[in-house]
Amino acid sequence: MVERENRSNVHSDKLFEQIYDYLLERIRRGEWKAHDKLPSIRSLAADFRVHRLTVFKAYQLLKRNGDVYVKDKSGYYAHPGSQSMLGPLNDPIVSAYVHESHLSEIHQVQADYQFSKALLDANLLPNLYLSEYVKKVFDLYPKVLGTYSTVQGDQELREALCGYFTKGFHFFVSPDELLITSGSQEAIDLVARVLVRPRDAVMLERPTYSPAIDVFSRQGAKIIPVDIHPSGYDLEQVERIMQTDRPRLFYLNPTFHNPTGFTVPAEQRKKLVELAETYKCLLIEDDPGRDIYFGDEPPLPLFSYDTAGYVIYLRSFSKYIAPGLSIAAVACRPSFMNYLIRAKSLSDSGAPLLNQKIFLHYFFSERMQQHLAKLRIALAVRKDIMEEELSGTGWQWTSPAGGFNLWVELPASVPMDRLLSRCMEQSLTFVPGMICDPLREPTSRVRMSYSYLNEAELRAGLRRFKEVVFSLLEEVR
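Read on for a plain summary of the structure. Since the model is a prediction, treat every value here as computed from it, not as a measurement. (Residues numbered from 1 in each chain as written. Predicted model: local features only at pLDDT ≥ 70, side-chain atom pairs only at ≥ 80, totals over all residues. Heavy atoms only, no water.)

### Regarding the sheet that holds strand E10 (residues 311-316)
Turning to step 1, where the next piece is worked out: Taken in spatial order, the eight strands of this open sheet run E4-E11-E10-E9-E8-E5-E6-E7, and their pairing is mixed. Strands at the two margins of the open sheet, each flanked by one partner only, are strand E4 (178-181) and strand E7 (232-233).
Turning to step 2, where the next piece is worked out: Inspection of the sheet shows strand E9 (residues 282-286) paired to E10 by four bridges, in the parallel sense. The partner of Asp286 across the bridge, within E10, is Leu314.
Turning to step 3, where the next piece is worked out: Here helix H11 (residues 266-279) sits on the sheet in contact with E7, strand E8 (249-252), E9 and E10, set at roughly 145 degrees to E9.
Turning to step 4, where the next piece is worked out: Contacting E4, E9, E10 and strand E11 (328-331), helix H12 (residues 334-345) crosses the sheet at an angle of about 25 degrees to E4. (Pairing = 2+ DSSP bridges. Helix = DSSP H or I, 4+ residues; strand = E, 2+ residues; numbered from the N terminus. Contact = heavy atoms within 4.5 Å. Axes fitted to C-alpha atoms, helices over the stretch in contact; angles between N-to-C directions.)

Encoded structure:
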């Protein structure tokens, strides 16, 4: 081991945290395999130049978390049940599902029937109309390809978004309170890097958007799940967690929730903002599908009720306006914005200016706003087709009032790893529910997206999916 710098002048709590992080990171990287003996307390104390009790404290926390175990008079060993111990499975995608639960591996699968992608079928977009705006942008901004955007985003776009938010959602923000990012996933990553430190308590919905779990876990957050139901949250549970755990933030997707499709009612939104202010807990509101509603418009965003700066609003337009442009906006007060801009400047020089200018003229055009109504009708039809094809199976789901997904409960006896593998053999993908669970517990739930396939493909793919499920059920009887 490389000798550590002298740390005797560092606060003891920080010493313990650094040693814990060092040991956990090496376990996660697989440098110590299952049942490997770890360095002794004596040797680590010497290497880090700290008291042995400091090392002992780090080992005890690893033991409580199930990452190490102890043999009497022998020392500490890497636990075989640690989440980081990756066992070899035949298919790397199934392996990722079982051991890592990363959504990106499933998205990389080439399949005829992709129920895993909560994106819009490109044929539903007015593509010829978009191409006209690409030409228009080059006429208006002939030097656009030779110019960087500012890190915060194009001033003209931010001004247009301010008017859009004020008129439609009662947002009162200035251009300085908006940041343009390359999609909402970049926005989540920026928020996590700026706000979360190892062992900070972070509340996540259960289930939730899978990449958010990965982002906050990577930051070393202590993740606290909050159940979401068709009627919203148990606000007593939320307040109890805020009281006892003092979480740094609550990441939530209250409108056409991914993956469940649930929408949190307006009265809960107001109360959540009040709780956030009372307990000094930031609310990170992810809102990627607000325009895709099938009846009444959804309630106003939480940000609309925020007067004290406890809500950071992430609004993505990627999924249904132009996925290839990958445009999202972050709205927050200046105290946070300065840190977000600084963090983004370390990654890039701003979202591509060409993408921002195309989006500006395309999205705010009268024709595109009229086209959104057609999109809502088309996706409502596809949702109905999926529900029609799944009716009669005995499977359970709550019909969403908008969004892209059904959250379907299959029979508990279906072996999910075998189902995933068998479906991929049949050129079909879906999202296993465990991927969306912050606790990574097995579940019979699956996310099925109806937005990516056309109507004929939906019917054919769903019939194939049902055949695979019923075949597996016969095998396990």
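### A closer look at the environment of Gly163
Turning to step 1, where the next piece is worked out: Position of Gly163 among the secondary structure elements: in helix H7 (residues 155-169).
Turning to step 2, where the next piece is worked out: Residue Gly163 is classed as partly exposed on the basis of its relative accessible area of 41%.
Turning to step 3, where the next piece is worked out: The sequence separation of Gly163 and Val173 amounts to 10 residues, and the corresponding C-alpha distance is 8.8 Å. (Buried < 20%, exposed > 50% of the residue type's maximum accessible area, 1.4 Å probe, protein only.)

### Let's talk about the pairing of E11
Turning to step 1, where the next piece is worked out: The side-chain alternation of E11 yields two buried faces, one formed by Ala328 and Val330 and the other by Ala329 and Ala331.
Turning to step 2, where the next piece is worked out: Bridging between E10 and E11 involves four bridges; their strand directions are antiparallel. Counterpart to Leu314 in the pairing with E11 is Val330.

### A look at the nonpolar core
Turning to step 1, where the next piece is worked out: Of all hydrophobic cores here, the largest spans 99 residues; its most connected members are Leu195, Phe216, Tyr233, Leu249, Phe250, Leu283 and Ile321.
Turning to step 2, where the next piece is worked out: Setting aside residues up to four positions removed in sequence, Leu195 forms contacts with Asp200, Arg248, Leu249, Leu282, Ile284, Ile312 and Phe336.
Turning to step 3, where the next piece is worked out: If you look at the next biggest cluster of nonpolar residues, it comprises 36 residues, including Leu103, Ile385, Leu390 and Leu406. (Core = buried A, V, L, I, M, F, W, Y, C linked by side-chain atoms within 4.5 Å.)

### Focus on the packing of aromatic side chains
Turning to step 1, where the next piece is worked out: Applying the stated criterion across every chain yields a total of 28 aromatic pairs.
Turning to step 2, where the next piece is worked out: Ring centres of Phe216 and Tyr251 lie 6.0 Å apart, and the angle between their planes is 50 degrees; this geometry places the pair in the tilted category. Linking Phe216 in helix H9 (residues 210-218) with Tyr251 in strand E8, this pair joins segments that are 35 residues apart in sequence.
Turning to step 3, where the next piece is worked out: With relative accessibility at 0%, the residue Phe216 sits in the buried group.
Turning to step 4, where the next piece is worked out: You can call Tyr251 buried: its relative accessible area is 0%.
Turning to step 5, where the next piece is worked out: Among the aromatic residues, those joined into a ring-pair cluster are Tyr164, Phe165, Phe169, Phe171, Phe303, Tyr313, Phe317, Phe359, Phe363 and Phe364.
Turning to step 6, where the next piece is worked out: Its end group placed over the ring of Phe16, Lys57 keeps NZ or CZ at 4.6 Å from the ring centre.
Turning to step 7, where the next piece is worked out: In this arrangement the basic side chain of Lys71 is found over the ring face of Tyr77, its NZ or CZ atom lying 4.4 Å from the centre. (Phe/Tyr/Trp six-rings, centres within 6.5 Å; stacked < 30°, edge-to-face > 60°. Lys NZ or Arg CZ within 6 Å of the ring centre and 35° of its normal.)

### Focus on the pattern of salt bridges
Turning to step 1, where the next piece is worked out: Taken as a whole and assessed by the stated rule, the structure comprises 25 salt bridges.
Turning to step 2, where the next piece is worked out: A salt bridge links Arg422 to Glu475; its shortest N-O distance comes to 3.1 Å. Pair noted here: Arg422 is in helix H15 (residues 416-425) and Glu475 is in helix H16 (residues 455-476), with a separation of 53 residues, a long-range link.
Turning to step 3, where the next piece is worked out: Overall, Arg422 belongs to the partly exposed group, its relative accessible area being 24%.
Turning to step 4, where the next piece is worked out: Since its relative accessible area comes to 42%, Glu475 is described here as partly exposed.
Turning to step 5, where the next piece is worked out: Each member of the salt-bridge network shares a partner with another, and the members are Glu388, Glu389, Arg459, Arg463 and Lys466. (Salt bridge = Lys/Arg side-chain N within 4 Å of Asp/Glu carboxyl O.)

### As for the packing of helix H6 (residues 127-140) against helix H13 (residues 353-363)
Turning to step 1, where the next piece is worked out: Close contact between H6 and H13 brings their axes to 9 Å; oriented N to C, the two are set at 120 degrees. Along this stretch, H6 crosses H13, giving a crossing that reads as right-handed. Of the residues in H13, those in contact with Tyr129, Leu130, Tyr133, Val134, Lys136, Val137, Phe138 and Leu140 of H6 are Leu354, Lys357, Ile358, His361 and Tyr362.
Turning to step 2, where the next piece is worked out: Taken together, the residues that form the contact of H6 with H13 break down as 10 nonpolar, one polar and two charged. (Left-handed = near helix turned anticlockwise from the far one by under 90°. Nonpolar A, V, L, I, M, F, W, Y, C, P; charged D, E, K, R; others polar.)

### A closer look at the packing of helix H8 (residues 184-195) against H9
Turning to step 1, where the next piece is worked out: One way to put it is that H8 packs onto H9 with a least axis distance of 9 Å and a crossing angle of 25 degrees. What the angle tells us is that H8 and H9 run roughly parallel. Considering only the axes of H8 and H9, their crossing is right-handed. Within the contact between the two elements, H8 uses Gln185, Ile188, Asp189, Ala192 and Arg193 and H9 uses Pro211, Ala212, Val215, Phe216 and Arg218.
Turning to step 2, where the next piece is worked out: Among the residues forming the contact of H8 with H9, the class breakdown is six nonpolar, one polar and three charged. (Parallel < 35°, antiparallel > 145°, perpendicular 65-115°, else oblique.)

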